[in-house]
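# Reading the structure
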Amino acid sequence: MKDLDTNIVHYWLVGNPIISQFEFKHGQTFGATLLFPILSILIYLSFTLLSLRFPSLLPIVSTATLRCVTATHSLVLCILSLIMVVGCGISVIYEMAANVHDWNWIICYNMLNYKNALLRGPIVFWSYVFYFSKILEFLDTLLILLSRSRSRRLSFLHVYHHALVPLFCYFGVATGQSMWHVGVITNASVHVLMYAYYFLFAIGKKPRWKKLVTNVQIGQFMFCFVCFGAVMYYHFTSEFGCSGIDVWFYTFCFNVSLLALFLNFHFKTYAKNNSKKTS
Ligand SMILES: CC(C)(COP(=O)(O)OP(=O)(O)OC[C@H]1O[C@@H](n2cnc3c(N)ncnc32)[C@H](O)[C@@H]1OP(=O)(O)O)[C@@H](O)C(=O)NCCC(=O)NCCSC(=O)CC(=O)O
């Protein structure tokens, strides 16, 4: 029975031909051109700025309806993130089992192999789903714009993060960026927690662990630096180097900026709360 369960999970998250034979073909697969994330971001930014400048253009949605839509959206993203964590995690384990003699790929996709190789298989599939989940996350901004707490919550951090993340996800999958699977698993895990928080908040059960969510988010940006160090080490010590190394440099810079913004958010949100409590 246990075997059967494992097989079913494996089939639906890895073995299914749609997943196992998935190919990311530049210019052919939907969204597989640089133009796609760029246009999406431009539309996102134009819409956000126009809505801020002309708020009357937005429909008035009742609080009850907005809560219901927000809860549904957050629950969908929480479940989707969990599926991505399990799907990508199992794909990595199976790939490891298939490459028993060479586990270096966990940190460094051999640049020579990746230059000509097809971007294919379950890890690429989950990276692709992850990329599209970032487009779905644009709806977070719409929900904030429609809410009464818009002026407090529509921050530079939020828009900057949501606008740029799809571009990095595109590069991650399109360049076969080394360790991208680790990024997918880490960020999707954090998002399970974050969207669970948002979901509970939207249904009126305000969680007490907001600070934990922020701390975990900060932890993931720091973990990215460890990954960057590992990829760099392999890149300069291995024979052919690691694929996506140039994109890694930009990813690193983006993570530094997010870390700074999140530390600022942490300070403003929790240090102020603590000082209020003590005074
Ligand atoms: C705890 C946090 C996740 C969120 O802190 P905030 O102070 O922004 O949010 P909050 O505590 O006021 O959240 C409760 C409010 O969010 C609403 N809410 C519920 N679901 C939502 C959704 N899917 N998108 C946007 N808002 C949503 C609730 O209805 C409630 O609104 P109301 O108050 O009206 O009832 C924090 O750690 C954080 O990330 N802050 C940065 C701001 C941000 O936008 N983060 C998300 C993207 S960054 C990211 O995702 C980084 C990463 O990759 O990990």
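Numbers given for residues are sequential positions, taken from 1 along each chain in its written order. Local features in this predicted model are restricted to residues of pLDDT 70 or higher, and side-chain atom pairs are both shown and tallied only at a pLDDT of 80 or more, whereas totals for entire chains, interfaces and linings draw on every residue. As a rule here, side-chain values cover all heavy atoms of the structure and leave hydrogens and water aside.

Taking an unreviewed UniProt entry as the reference, the chain is identified by name as Very-long-chain 3-oxoacyl-CoA synthase belonging to Solanum verrucosum. UniProt positions are given in the numbering used here, feature names are shortened, and annotations may be inferred rather than shown by experiment. If you open the UniProt record of the chain and go to Subcellular location (unreviewed entry), you find "Membrane".

Turning our eyes to something else, we now look at the pattern of salt bridges. Salt bridges are defined as contacts in which a side-chain nitrogen from Lys or Arg sits within 4 Å of a carboxyl oxygen from Asp or Glu. Overall, the coordinates contain three salt bridges when judged by the stated rule. The partner of Glu23 in a salt bridge is Lys25, and the shortest N-O contact between them spans 3.9 Å. Residue exposure (1.4 Å probe, protein chains only): buried if accessible area is under 20% of the type maximum, exposed if over 50%, otherwise partly exposed. The exposure class assigned to Lys25 is partly exposed, which follows from its relative accessible area of 36%. Between Glu23 and Arg120 there is a salt bridge, and its shortest N-O distance comes to 3.8 Å.

Attention now moves to the site of the ligand. Here a residue is considered near a molecule or strand provided that any single heavy atom belonging to it is located within 4 Å of it. If you check the shell around the ligand, you find 27 residues, and the closest are Ser149, Arg153, His158, Tyr197 and Gln217. In the analysis that follows, any N or O atom pair within 3.5 Å is treated as a polar contact, provided that within protein one partner can donate a hydrogen and the other can accept it, and provided that, for residues neighboring in sequence, both atoms belong to side chains. Here an oxygen atom of the ligand sits 2.7 Å away from a polar atom, N or O, in the side chain of His158. Contact between the ligand and His191: an oxygen atom at 2.9 Å from a side-chain N or O atom of the residue. Protein contacts shield 92% of the accessible area of the ligand, which totals 1,100 Å² for the unbound molecule. Numbering of helices and strands starts at the N terminus; helices are DSSP runs of H or I of at least 4 residues and strands are runs of E of at least 2. Elements that contribute at least two residues to the shell around the ligand include exactly helix H4 (63–98), helix H7 (138–146), helix H8 (150–153), helix H9 (156–174), helix H10 (180–202), helix H11 (210–237) and helix H12 (245–278). For the area figures, the Shrake-Rupley method with a 1.4 Å probe applies, and any residue is considered shielded solely by the protein chains shown.

The next thing to look at is unusual backbone geometry. Residue Met179 is not a glycine yet carries a positive backbone phi of 65°. With respect to the element layout, Met179 can be found in the loop between H9 and H10.

What follows covers a nonpolar patch on the surface. What makes a patch is a set of residues exposed beyond 30% relative accessible area and free of salt bridges, joined within 9 Å when like-charged and within 5 Å when nonpolar (Val, Leu, Ile, Met, Phe, Trp, Tyr). A surface patch of nonpolar side chains, about 550 Å² in accessible area, is lined by Leu34, Leu35, Ile38, Leu39, Leu42 and Ile43. As for its placement among the helices and strands, Ile43 is situated in helix H3 (residues 35–53). Judged by relative accessible area, Ile43 falls into the exposed class, the value being 58%.

Here Gln177 shows up in the loop between H9 and H10. For Gln177, a relative accessible area of 1% corresponds to the buried category. Two residues qualify as a contact provided that any one of their heavy atoms is within 4.5 Å of a heavy atom in the partner residue. Here Gln177 is in contact with Tyr109, Phe171, Gly172, Ser243, Gly244, Val247, Trp248 and Thr251, once residues within four sequence places are set aside.

Let's shift gears to the environment of Ala230. On the secondary structure map, Ala230 appears in helix H11. Considered as a pair, Ala230 and Cys108 are 122 residues apart in the sequence and their alpha carbons are 8.5 Å apart.

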